[in-house]
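Observations on the three-dimensional arrangement
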Amino acid sequence: MKLQNIQYYFREVVVSMARNRWMTFASIGTVAVSLFVLGIFLILIANMTNLASELESQVQISVYLKDELKTQDQENIKNKLKNLTNVTEVRYVSKEEAFQTLQRRLGEKQKILEALGESNPLPNSFSVTVKIADDVQKTAEIISKFNGVEEVSYGQEVAINIFDVTRLIRVLGFVLMIILTGATIFIISNTIRLTVFARRKEIAVMKYVGATDWFIRWPFVLEGTVFGLIGGGISAIALRSFYSAMSERIYSTLAFFPIVEQHPFMNYLTVVLILSGIAVGVLGSTVSLKKFLEV
């Protein structure tokens, strides 16, 4: 590509955008608004996925030990638990600690424990955190076969419900992302098509005087790139402000709610939106021109 042609292409982009300023404004605005809406859904999906992962990470296995176990035997079981591939953390819970936890949970109803007197029927145990929540049942079955283990529990029904909810969240998130991405591409492409349609006579004249398809196409492709770049940049800046305000609001009311940290998540999202804007701008210009180049 000659330098003279490159200068011509960029000059044409500037002249075209200045001459058709309202259509330029409409195209950039459409790109920005469409990508902003898509960005909000991507933020929602990312936080839904993060919440699902957080719920799964809270699934723990309670390993109840036999009362007659000695300290050394408990240490041996603890080491065996730590060596399991799916285990990330093992915490010892004494029977005294377990009894105090039960009292706190019962609250005003803890008087029902008075019938026990000084006895503590709760066993010593280990609280085991797993790496892959879907494998919790298999891990629990392995642990149940350890010598000295009385019983293994991981809240089977609750765990199954959590897994069902997290799968649903991920599937819905994926479906929403596909639908919104498709809708965004459709809206932006049609807006750029209107821009090309407004200049159809200019394209026809250039074809009649012998201009090649790519000579005609390049200014439009570059124009679509500019639309996408500016629109993606505007949407990214707006989303950064939106997510920052939303995060502060959530932290002030629901301090322990697991939202995705702004950094580096918003940096990635900014890159995705700008590149998406450029890609859709180029694609929209290329597809829209195809019809008018058939003269």
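Here the structure is shown first, and the text comes after it.
All of the points below concern the structure found in this document. (Residues numbered from 1 in each chain as written. Predicted model: local features only at pLDDT ≥ 70, side-chain atom pairs only at ≥ 80, totals over all residues. Heavy atoms only, no water.)

We now examine the overall build of the protein chain. Scanning the protein chain for helices and strands turns up nine helices and four strands. Going from N to C terminus, the protein chain has its helices and strands arranged as α-α-β-α-β-α-β-α-β-α-α-α-α. Among the 295 residues that make up the protein chain, the fraction classed as buried is 38%. Accessible surface for the protein chain amounts to roughly 17800 Å². Of this, 62% is attributable to carbon and sulfur atoms. (Helix = DSSP H or I, 4+ residues; strand = E, 2+ residues; numbered from the N terminus. Buried < 20%, exposed > 50% of the residue type's maximum accessible area, 1.4 Å probe, protein only. Areas by Shrake-Rupley, 256 points an atom, 1.4 Å probe, with all protein chains shown as cover.)

The next point concerns the packing of aromatic side chains. Overall, the coordinates contain three aromatic pairs when judged by the stated rule. A cation over a ring is seen here: Lys-80 above Phe-146, with NZ or CZ 4.3 Å from the ring centre. (Phe/Tyr/Trp six-rings, centres within 6.5 Å; stacked < 30°, edge-to-face > 60°. Lys NZ or Arg CZ within 6 Å of the ring centre and 35° of its normal.)

Bringing the nonpolar core into the picture now. By size, the foremost hydrophobic cluster in this structure holds 20 residues, and its most contacted members are Ile-61, Val-63, Ile-77, Leu-81, Phe-126 and Ile-143. Mapped onto this core, the elements with two or more residues apiece are strand 1 (60–65), helix 3 (71–82), strand 2 (87–93), strand 3 (125–130), helix 5 (136–144) and strand 4 (149–153). Residues within four places of Ile-77 in sequence aside, it is in contact with Leu-65, Leu-69, Phe-126, Phe-146, Asn-147, Gly-148 and Val-149. By size, the runner-up hydrophobic cluster in this structure holds 16 residues, among which are Val-31, Leu-239, Ile-259 and Val-260. (Core = buried A, V, L, I, M, F, W, Y, C linked by side-chain atoms within 4.5 Å. Contact = heavy atoms within 4.5 Å.)

With that out of the way, let us pick up the sheet that holds strand 3. Pairing in this open sheet of four strands is antiparallel, and the strands run 2-3-1-4 from one edge to the other. Single-partner strands in this sheet number two, and they are strand 2 and strand 4. Pairwise comparison of adjacent strand axes, ignoring direction, gives a mean angle of 20 degrees for this sheet. One ladder, built from six bridges, connects strand 2 with strand 3; its direction is antiparallel. Residue pairing in the sheet places Glu-89 in a bridge with Thr-129 of strand 3. (Pairing = 2+ DSSP bridges. Axes fitted to C-alpha atoms, helices over the stretch in contact; angles between N-to-C directions.)

Attention now goes to a negative patch on the surface. Taken together, the side chains of Asp-67, Glu-68, Glu-150 and Glu-151 present a region of like negative charge at the surface. You can see Glu-151 is positioned in strand 4. (Patch = residues over 30% accessible without salt bridge, like charges linked within 9 Å, V, L, I, M, F, W, Y side chains within 5 Å. Salt bridge = Lys/Arg side-chain N within 4 Å of Asp/Glu carboxyl O. Lys, Arg positive; Asp, Glu negative; His and termini not counted. Charge placed at Lys NZ, Arg CZ, Asp CG, Glu CD.)

Glancing now at the environment of Leu-273. Within the fold, Leu-273 resides in helix 9 (residues 262–292). Residues Leu-273 and Ala-32, 241 residues apart in the sequence, show an inter-C-alpha distance of 9.4 Å. Setting aside residues up to four positions removed in sequence, Leu-273 forms contacts with Leu-35, Gly-39, Gly-232, Ser-235, Ala-236 and Leu-239.

Moving on: the environment of Lys-95. Structurally, the position occupied by Lys-95 is in helix 4 (residues 95–106). Note on Lys-95: relative accessible area 22%, which makes it partly exposed. In this structure the C-alpha to C-alpha distance between Lys-95 and Ser-125, which are 30 residues apart in sequence, comes to 7.3 Å. Excluding residues that lie within four positions of it along the chain, Lys-95 makes contacts with Asp-67, Asn-120, Leu-122, Pro-123 and Asn-124.

What follows covers the layout of surface pockets. When its volume is computed, the second largest pocket comes out at roughly 160 Å³. Lining the second largest pocket, in full, are Ile-40, Ile-43, Leu-44, Asn-47, Met-48, Leu-51, Phe-242, Met-246, Ile-250, Phe-257 and Ile-259. For the lining of the second largest pocket, the secondary structure elements donating two or more residues are helix 2 (21–57) and helix 8 (213–253). When grouped by side-chain class, the residues that make up the lining of the second largest pocket number ten nonpolar, one polar and no charged. (1 Å grid on protein atoms, 1.4 Å probe; cavity = no way out; pocket = protein on both sides within 12 Å on 5 of 7 lines; lining within 4 Å. Points joined across faces, edges and corners; volume = space filled by probe spheres on them. Nonpolar A, V, L, I, M, F, W, Y, C, P; charged D, E, K, R; others polar.)

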